[in-house]
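An overview of the molecular structure
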Amino acid sequence: MRNNKPSKQKNNGRKHSVTTDGYQESHLAHIFITMPRGMHIFLALFSGSMSTVLYLNRDEIIAQPMLRLEGFLLFQILMFGIFLMSFYHVLWAKPRGHIEQGKVFFSWWGFWLRDLFLALVFFPFAVIMTRMPFSGSGKGLFIDLGGLNALFDANTPIMQRAILAVVTFIILLVLLGIAFIPIWLTWRSLVNLFIQLKYGTSTALFDSKSYAPGETLTVKITNASNLKPSAPRRVFINLLERPIRASAPPSSKGYHRNYLYSEFQDVTVRDLEQGLSFVLPNALMGKSITSHHQGPGEIRYWEILVEEPQRMYWARFLFLVE
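Bear in mind that the values here come from a model prediction, so they are computed numbers and not experimental data.

1. So, the packing of aromatic side chains
A full pass over the atoms with the stated rule returns 12 aromatic pairs. Judged by centre distance (6.0 Å) and plane angle (55°), the ring pair of phenylalanine 106 and phenylalanine 111 falls under tilted. Centre to centre, the rings of phenylalanine 122 and phenylalanine 125 are 5.9 Å apart; their planes meet at 90°, and the pair counts as edge-to-face. Of this pair, phenylalanine 122 and phenylalanine 125 both sit in helix H5 (residues 109–131), 3 residues apart, which is roughly one turn of that helix. Judged by relative accessible area, phenylalanine 122 falls into the partly exposed class, the value being 25%.

2. Quick look at the pairing of strand E5 (residues 232–243)
Buried residues dominate E5, accounting for 10 of its 12 residues. Pairing of E5 with strand E6 (residues 258–268) involves 10 bridges; the strand directions are antiparallel. Bridged to arginine 233 within E6 is valine 267. Note that E5 and strand E9 (residues 298–307) share 10 bridges and pair antiparallel. Residue pairing in the sheet places asparagine 238 in a bridge with glutamate 303 of E9.

3. Some details on the packing of H5 against helix H8 (residues 158–199)
Close contact between H5 and H8 brings their axes to 8 Å; oriented N to C, the two are set at 160°. As far as their axial angle goes, H8 and H5 are roughly antiparallel. When you trace H5 past H8, the crossing you get is left-handed. In terms of residue class, the contact of H5 with H8 is built from 19 nonpolar, 5 polar and 3 charged.

4. Let's talk about the packing of helix H2 (residues 37–56) against helix H4 (residues 68–91)
Each packed pair of helices is defined by two parameters, the angle between the axes and the distance between the axes. Axis separation between H2 and H4 bottoms out at 8 Å; the angle between their running directions is 150°. Considering the angle they form, H2 stands roughly antiparallel to H4. Seen along the crossing, H2 lies across H4 with a hand that is left-handed. Contacts from Arg37, His40, Ile41, Leu43, Ala44, Ser47, Gly48, Met50, Ser51, Leu54 and Tyr55 in H2 reach Phe72, Phe75, Gln76, Met79, Phe80, Ile82, Phe83, Ser86, Phe87, His89 and Val90 in H4.

5. Thoughts on the side chain of glutamate 303
As for its placement among the helices and strands, glutamate 303 is situated in strand E9. Among the polar contacts listed, one links the side chain of glutamate 303 to the side chain of arginine 316, at a separation of 2.5 Å.

6. Regarding the nonpolar core
By size, the foremost hydrophobic cluster in this structure holds 32 residues, and its most contacted members are Phe206, Trp302, Ile304, Val306, Phe317 and Phe319. Looking at this core, the element that brings in the most residues is strand E10 (residues 313–319), giving 4 residues. Aside from chain neighbours lying at most four places away, what touches isoleucine 304 is Phe206, Leu217, Ile221, Val235, Phe236, Ile237, Phe278, Ala315, Arg316, Phe317 and Phe319.

7. Brief notes about unusual backbone geometry
The phi angle at arginine 68 is positive, at roughly 55°, despite the residue not being glycine. Considering the arrangement of structural elements, one finds arginine 68 in helix H4.

8. Structural notes on the pattern of salt bridges
Enumeration over the complete set of coordinates arrives at 5 salt bridges. For arginine 114, the salt bridge identified is with aspartate 115, shortest N-O distance 3.3 Å. Judged by relative accessible area, arginine 114 falls into the partly exposed class, the value being 25%. Among the residues examined, aspartate 115 registers a relative accessible area of 0% and is labelled buried. For arginine 234, the salt bridge is made with aspartate 266, and the minimal N-O distance between the two is 2.6 Å. Of this pair, arginine 234 sits in strand E5 while aspartate 266 sits in strand E6, placing them 32 residues apart in sequence. Judged by relative accessible area, which is 27%, aspartate 266 ranks as partly exposed. A single salt-bridge network, built from bridges that share partners, covers Arg114, Asp115 and Arg188.

9. So, the sheet that holds strand E2 (residues 103–106)
The antiparallel open sheet is built from 4 strands, whose spatial order is E2-E3-E4-E7. On the outer flanks of this sheet lie E2 and strand E7 (276–279), each paired with one strand and no other. Taken over all neighbouring pairs, the strand axes of this sheet differ in orientation by 25° on average, direction set aside. Two strands pair when backbone bridges link them, and strand E4 (residues 216–223) and E7 are joined in this way by 4 bridges, in the antiparallel orientation. Paired with threonine 216 across the bridge in E7 is valine 279.

Basis of the calculations
Residues numbered from 1 in each chain as written. Predicted model: local features only at pLDDT ≥ 70, side-chain atom pairs only at ≥ 80, totals over all residues. Heavy atoms only, no water. Phe/Tyr/Trp six-rings, centres within 6.5 Å; stacked < 30°, edge-to-face > 60°. Helix = DSSP H or I, 4+ residues; strand = E, 2+ residues; numbered from the N terminus. Buried < 20%, exposed > 50% of the residue type's maximum accessible area, 1.4 Å probe, protein only. Pairing = 2+ DSSP bridges. Axes fitted to C-alpha atoms, helices over the stretch in contact; angles between N-to-C directions. Parallel < 35°, antiparallel > 145°, perpendicular 65-115°, else oblique. Left-handed = near helix turned anticlockwise from the far one by under 90°. Nonpolar A, V, L, I, M, F, W, Y, C, P; charged D, E, K, R; others polar. Contact = heavy atoms within 4.5 Å. Polar contact = N/O pair within 3.5 Å; in protein donor to acceptor, adjacent residues only side chain to side chain. Core = buried A, V, L, I, M, F, W, Y, C linked by side-chain atoms within 4.5 Å. Salt bridge = Lys/Arg side-chain N within 4 Å of Asp/Glu carboxyl O.

This is how it looks when you write it as structure tokens:
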């Protein structure tokens with residue numbers, strides 16, 4: 001028989017989740033850092049007008065030897081993409097973690113679209129950067145020594161050809177790295193698209209729009225996919241603190257989040273749909289348990305994190321503790 005009482009484990013100050021901080025922050029960077037609506041309006045107007053100017057002058061841009069069609073596509077995709085994102089924020093976007101009528105959505109649509117947009121930007125950029133060193137124009141050691149023509153010319157002095165060979169090898173390594181970026185972004189976009197198609201948009205139904213210390217938080221979590229009711233899930237409730245100016249991913253910034261409180265329950269999909277409860281602590285040693293900005297140098301927030309046991313998370317929800 002199935003155990004109707006999910007197991008609970010508290011883990012203050014330490015982390016049991018297998019979802020790495022870098023994985024979370026690379027997908028959900030700058031949780032509470034949002035630009036004012038006026039800035040989004042300015043970006044929408046600026047990028048929209050620039051996109052229009054680029055389109056009207058496309059023939060002149062394509063005629064440039066170093067830009068060609070790839071250069072036009074690079075700037076056009078960049079400007080038009082910024083326009084769409086800014087326009088979306090002006091009309092529909094809400095602050096991340098915002099609870100409306102006790103409901104929060106988590107969707108992977110934005111993640112795979114973001115990576116696809118970046119891949120579309122980097123593809124023409126990679127083409128331009130690959131063509132540039134071997135075009136014969138510009139300055140630099142490779143060009144000054146004669147470029148590829150001198151490298152394969154039998155009359156070129158041995159020492160000059162040796163230096164050219166080393167420089168060419170370094171340039172090729174750099175170009176391979178640049179070419180890898182759009183390929184990697186496309187792959188990550190496809191992975192996130194697969195997650196979205198597999199799990200659908202997740203919805204958390206909280207019993208309140210905000211909470212106070214010591215209160216009981218009850219949440220029901222459903223999604224659009226037809227998952228097996230007996231499928232296991234591990235649900236965390238975490239209180240996290242991070243530097244306000246830290247940027248993601250932390251692996252490249254030397255930044256890490258501090259887990260002030262952590263508790264999890266081992267449940268099933270059926271349990272999630274029926275609802276589960278967590279009791280918020282009344283206090284922590286020397287730390288406030290409220291959410292959001294606590295001072296000039298830190299951000300503190302509560303999250304509900306849903307994982308497949310021993311696998312990466314597939315849903316994450318933020319909530320407010322006042």
